Amino acid sequence: MSNADCPNRFRVRPAEPQDCPDILRLIKELAAYENMPEAVKLTEEDLLRDGFGPRPFFQCLVAEVMQDEQKAGPNIVGFAMYYYTYDPWVGKLLYLEDFYVMDDFRGWGIGTELLKILSQIAIDSNCGCMHFLVVVWNKPSIEYYMRRGASDLSTEEGWHLFKFDKEHLVRMAAGE
Ligand SMILES: CC(C)(COP(=O)(O)OP(=O)(O)OC[C@H]1O[C@@H](n2cnc3c(N)ncnc32)[C@H](O)[C@@H]1OP(=O)(O)O)[C@@H](O)C(=O)NCCC(=O)NCCS
């Protein structure tokens, strides 16, 4: 059953500062799902400063279930963290960073609603496309995105994501 069948089951809204503990809980759950629970170093204070300070580095939508659907658990059950970035070929684009719905609430249409709202946000802000990363073994999510028309830039265009870690940044900054 989706929210279209039962419109009061859940709602999606922009995150507020008081949602930071729930957002961090969901970030950790997604990291555990991706087999990297120890990778999350972020704290609630970091999220508060970086998302809700004078210069926000990210934005977030949260999905909350109505009181009688809580199953005695938290009422924020999903989120989408995003920000804007810039592509010198196509201009503004929306980058979807984290996208997650708790296991018990999957299949309700929450993910679809999050993507619907994100798509409208992207269109309204004149973004040419939405980018996101998916780990190669996460077949259910890859299929989920492909069913909605996503293309795989690694296989289709050969792009690979690289990083310089802090150690190498320090070395380069020092001119080494
Ligand atoms: C990907 C994800 C966010 C989708 O959220 P969701 O709220 O389950 O999405 P929806 O309810 O809109 O759609 C679920 C899809 O699975 C199917 N489904 C039905 N029951 C389901 C269930 N109990 N559990 C999961 N999927 C179910 C639905 O039919 C639907 O298929 P569709 O693509 O044909 O519409 C969610 O599955 C998730 O958090 N997965 C684990 C984390 C993850 O992989 N995140 C993405 C990282 S890139």
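The shown structure was predicted, so the numbers you read here are calculated from the model rather than taken from an experiment.

Chemist: So what's going on with the environment of Glu113? Which residues, and what values?
Modeler: By the secondary structure assignment, Glu113 is in helix H3 (residues 110-124). In this structure the C-alpha to C-alpha distance between Glu113 and Ala63, which are 50 residues apart in sequence, comes to 9.0 Å. Non-local contacts of Glu113, meaning those with residues more than four positions away in its chain, are made with Phe10 and Val12.

Chemist: Let's hear about the sheet that holds strand S5 (residues 130-131): which residues, and what values?
Modeler: In space, the five strands of this open sheet follow the order S1-S2-S3-S4-S5, with mixed pairing throughout. Lying at the two open borders of the sheet, with one neighbouring strand each, are strand S1 (10-14) and S5. Relative to strand S4 (residues 91-101), H3 is tilted by about 165°, and along the sheet it contacts S1, strand S2 (59-65), strand S3 (76-87), S4 and S5.

Chemist: Give me the packing of aromatic side chains: which residues, what numbers.
Modeler: In the structure shown here, the tally under the stated rule is 10 aromatic pairs. An angle of 85° between the planes, with centres 6.3 Å apart, marks the rings of Phe52 and Phe58 as edge-to-face. Relative to Tyr84, the ring of Tyr82 lies with its centre 6.2 Å away and its plane at 85°, an arrangement referred to as edge-to-face. Taking the relative accessible area as the measure of exposure, Tyr84 reaches 37% and is therefore partly exposed. One aromatic cluster in this structure is built from Phe99, Phe132, Tyr144 and Tyr145. Positioned above the aromatic ring of Trp108, the side-chain terminus of Arg9 is 3.7 Å from the ring centre. Against the face of Tyr144 rests Arg148, its NZ or CZ located 3.8 Å from the ring centre.

Chemist: Give a description of unusual backbone geometry that names residues and reports values.
Modeler: A positive phi is found at Asn35, a non-glycine position, where the angle reads about 65°. Summarising the element assignment, Asn35 is placed in the loop between helix H1 (20-33) and helix H2 (44-52). Unlike most non-glycine residues, Asn126 shows phi in positive territory, near 65°. Inspection of the secondary structure puts Asn126 in the loop between H3 and S5. Given the relative accessible area of 60%, Asn126 is considered exposed.

Chemist: Requested: an account of the packing of H1 against H2, with residues and values cited.
Modeler: Contact pair H1 / H2: the axes reach a minimum separation of 9 Å and the direction vectors enclose 110°. The orientation of H1 relative to H2 falls into the category roughly perpendicular. When the axes of H1 and H2 are compared, the crossing they make is right-handed. Along the contact surface, H1 presents Cys20, Pro21, Ile23, Leu24 and Ile27, while H2 presents Glu44, Leu47, Leu48 and Phe52. The class makeup of the residues in the contact of H1 with H2 is eight nonpolar, no polar and one charged.

Chemist: Before we move on, could you go through the pairing of S2 and cite the residues and values that matter?
Modeler: Look at any regular strand and the pattern is simple: side chains alternate between the two faces of the sheet. In terms of residue burial, S2 counts as a mostly covered element, since six of its seven residues are buried. Of the pairings in the sheet, the one linking S1 to S2 comprises five bridges and is antiparallel in character. Within S2, the position partnered with Phe10 by the bridge is Val65. In terms of strand pairing, S2 meets S3 through six bridges, oriented antiparallel. Across the sheet, the residue bridging to Ala63 is Gly78, located in S3.

The rules behind these values
Residues numbered from 1 in each chain as written. Predicted model: local features only at pLDDT ≥ 70, side-chain atom pairs only at ≥ 80, totals over all residues. Heavy atoms only, no water. Helix = DSSP H or I, 4+ residues; strand = E, 2+ residues; numbered from the N terminus. Contact = heavy atoms within 4.5 Å. Pairing = 2+ DSSP bridges. Axes fitted to C-alpha atoms, helices over the stretch in contact; angles between N-to-C directions. Phe/Tyr/Trp six-rings, centres within 6.5 Å; stacked < 30°, edge-to-face > 60°. Buried < 20%, exposed > 50% of the residue type's maximum accessible area, 1.4 Å probe, protein only. Lys NZ or Arg CZ within 6 Å of the ring centre and 35° of its normal. Parallel < 35°, antiparallel > 145°, perpendicular 65-115°, else oblique. Left-handed = near helix turned anticlockwise from the far one by under 90°. Nonpolar A, V, L, I, M, F, W, Y, C, P; charged D, E, K, R; others polar.

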